[in-house]
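# A look at the structure
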Amino acid sequence: MAPLEGITGSLFRNIYQKHFPGFDRFYTPFFGNTGFNTKEICNIGPEANRGIPLVPQILSNHAEDFLQIAQRMKDYGYKSVNLNLGCPSGTVTSKGRGSGFLRDPKALDAFFSEISDKSPLPFSVKTRVGYEDESLWPEILAVYNRYPVTELIVHPRLKTDMYRPGLRMAAFDYAYRNAAMPVIYNGDINTVEDYRRITETYPDIQAVMIGRGMLRNPGLIGEIRGQEPAGDRAILDWIEDLAKTNYAAYTETPTLFKMKEIWTYLQDRYPGHKKELKQLFKAKKLYEYENAVAAILR
Ligand SMILES: Cc1cc2nc3c(=O)[nH]c(=O)nc-3n(C[C@H](O)[C@H](O)[C@H](O)COP(=O)(O)O)c2cc1C
């Protein structure tokens, strides 16, 4: 399961796993600073993630910070961490983090050189294929190849592509053929056919990572594993459980916010319910939201 900041926190992971088992590894949304707040501690602590094979993700371009967070993850009992070199958000890249770090392979090399000897845990990398063009991709990959990166998760888009349609498969192909470590594919797997196409074209990839596809179709992971597609009943049970659990943990407004964010993806399944979806996104009260959900799913 791909990390989706603001969506795939511990509560989401637990409920998803209960209703739609099948993911064999989860990644946390990124941790960016060394002083964790209470919310972050609740999200990452072992109590909140029992039975979930979880890899914490770190967003940093400072070796010291990375090492400090990695140590903290080790103290929590985690066995590895993941470095975020993909986030395209302007507030992140303007500070040279996430995909912003990809502009400067030399600085990236210096960073890896510092963390490689000292990291308390093995680390993998999740990366885009460049900042504004693909010209540096071979150089970036050569940096990864020089260090003990355990796995390379490649999302074949540039920072400037954001999430626009179109994948840079030639760049993925290059990584597949030239990476020194196992490669994991990530990007736009929304159907079983997408999954098959990728795994048949690239039979040696270690795994695939799925993000928005598991929100658009929560049954996707089961389908990939040979199960029947999820029906509306299963989706209703899941979405109700999620709202109920969020409401118990937070309050009405944040629950509504979180549920609507999930529906921005889930709505693709229900193109015939424009009116109800409009009501859902307009809802100011939980009961208004619940009425709209019932109208769509019952
Ligand atoms: C709302 C949202 C939040 C995301 N948060 C993170 C994050 O915290 N860390 C990260 O590495 N990628 C993050 N991503 C990127 C996804 O993990 C993934 O790489 C991307 O969505 C492409 O995969 P998909 O097409 O399967 O969704 C985020 C994407 C979205 C849409």
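## Digging into the environment of Gly226
Position of Gly226 among the secondary structure elements: in the loop between helix H10 (220-224) and helix H11 (232-249). Judged by relative accessible area, Gly226 falls into the exposed class, the value being 63%. Expressed as a C-alpha distance, the spacing of Gly226 and Val192, which sit 34 residues apart in the sequence, is 9.6 Å.

## Digging into the environment of Ser80
Checked against the element boundaries, Ser80 lands in the loop between helix H3 (63-76) and strand E3 (81-85). On the basis of relative accessibility, which here comes to 22%, the residue Ser80 falls in the partly exposed class.

## A word on the site of the ligand
Near the ligand you find 18 residues, and of these Pro3, Gln57, Asn186, Asp188 and Arg212 are the closest. A distance of 3.3 Å separates a nitrogen atom of the ligand from a polar atom in the side chain of Asn84. In the model, an oxygen atom of the ligand is placed 2.8 Å from a nitrogen or oxygen of the Lys126 side chain. Considered on its own, the ligand offers 620 Å² of accessible surface; in the complex 91% of this is hidden by protein. For the ligand, the cavity whose grid points lie within 2 Å of the majority of its atoms is the largest pocket. Across the shell around the ligand, the residue classes break down as eight nonpolar, six polar and four charged.

## Focus: the sheet that holds strand E7 (residues 207-209)
Two modes of strand pairing occur in sheets, parallel and antiparallel, and in both the strands are linked by backbone hydrogen bonds. Here we have seven strands laid out as an open sheet, ordered E1-E2-E3-E4-E5-E6-E7, and parallel in their pairing. This sheet does not close on itself; its edge strands, each paired only once, are strand E1 (26-31) and E7. For this sheet the average axis-to-axis angle between neighbouring strands, irrespective of direction, equals 30 degrees. Sheet topology places strand E4 (residues 123-127) next to strand E5 (residues 149-154); four bridges connect them, and they run parallel. In the sheet register, Lys126 faces E5, and the bridge partner there is Ile153. The strands that helix H6 (residues 137-146) touches are E3, E4 and E5; relative to E5, the one it contacts most, it runs at about 150 degrees.

## What to know about the layout of surface pockets
In this model, the largest pocket occupies a volume close to 670 Å³. Broken down by class, the residue content of the lining of the largest pocket amounts to 14 nonpolar, eleven polar and eight charged. The computed volume of the second largest pocket comes to approximately 570 Å³. Lining the second largest pocket are 28 residues, and of these Gly9, Ser10, Lys39, Asn43 and Tyr250 lie nearest its centre. Elements with a contribution of two residues or more to the lining of the second largest pocket: helix H1 (10-19), E1, helix H2 (38-44), H11 and helix H12 (252-266). Per element, the largest residue contribution to the lining of the second largest pocket is six residues, and it comes from H1. Here the lining of the second largest pocket is built from residues that sort into 14 nonpolar, nine polar and five charged.

## Examining the pairing of E5
Burial runs high along E5: five of the six residues are buried. Note on the crossover from E4 through H6 to E5: the handedness is right-handed. Pairing of E5 with strand E6 (residues 183-186) involves three bridges; the strand directions are parallel. By the bridge assignment, Leu152 is partnered in E6 with Val183.

## A closer look at the environment of Cys42
Along the chain, the position of Cys42 falls in helix H2. For Cys42 and Ser10, which are 32 residues apart along the polypeptide, the C-alpha to C-alpha distance reads 8.0 Å. Leaving out residues up to four positions away in the same chain, Cys42 has contacts with Ser10 and Ala48.

## Quick word on the pattern of salt bridges
Under the criterion given, the structure shown has 15 salt bridges. The residue Arg269 makes a salt bridge to Asp232 at a minimum N-O spacing of 3.8 Å. Taken as a pair, Arg269 in the loop between H12 and helix H13 (274-282) and Asp232 in helix H11 lie far apart in primary sequence, 37 residues in all. When its relative accessible area of 31% is taken as the criterion, Asp232 is described as partly exposed. Several salt bridges share partner residues, and in doing so they unite Lys18, Asp241 and Lys244 into one network.

About the thresholds
Residues numbered from 1 in each chain as written. Predicted model: local features only at pLDDT ≥ 70, side-chain atom pairs only at ≥ 80, totals over all residues. Heavy atoms only, no water. Helix = DSSP H or I, 4+ residues; strand = E, 2+ residues; numbered from the N terminus. Buried < 20%, exposed > 50% of the residue type's maximum accessible area, 1.4 Å probe, protein only. Near = heavy atom within 4 Å. Polar contact = N/O pair within 3.5 Å; in protein donor to acceptor, adjacent residues only side chain to side chain. Areas by Shrake-Rupley, 256 points an atom, 1.4 Å probe, with all protein chains shown as cover. 1 Å grid on protein atoms, 1.4 Å probe; cavity = no way out; pocket = protein on both sides within 12 Å on 5 of 7 lines; lining within 4 Å. Sits in = over half its atoms within 2 Å of the grid points. Nonpolar A, V, L, I, M, F, W, Y, C, P; charged D, E, K, R; others polar. Pairing = 2+ DSSP bridges. Axes fitted to C-alpha atoms, helices over the stretch in contact; angles between N-to-C directions. Contact = heavy atoms within 4.5 Å. Points joined across faces, edges and corners; volume = space filled by probe spheres on them. Right-handed = clockwise from strand over helix to strand, strands pointing away. Salt bridge = Lys/Arg side-chain N within 4 Å of Asp/Glu carboxyl O.

By themselves, these observations are geometric and do not establish any function.
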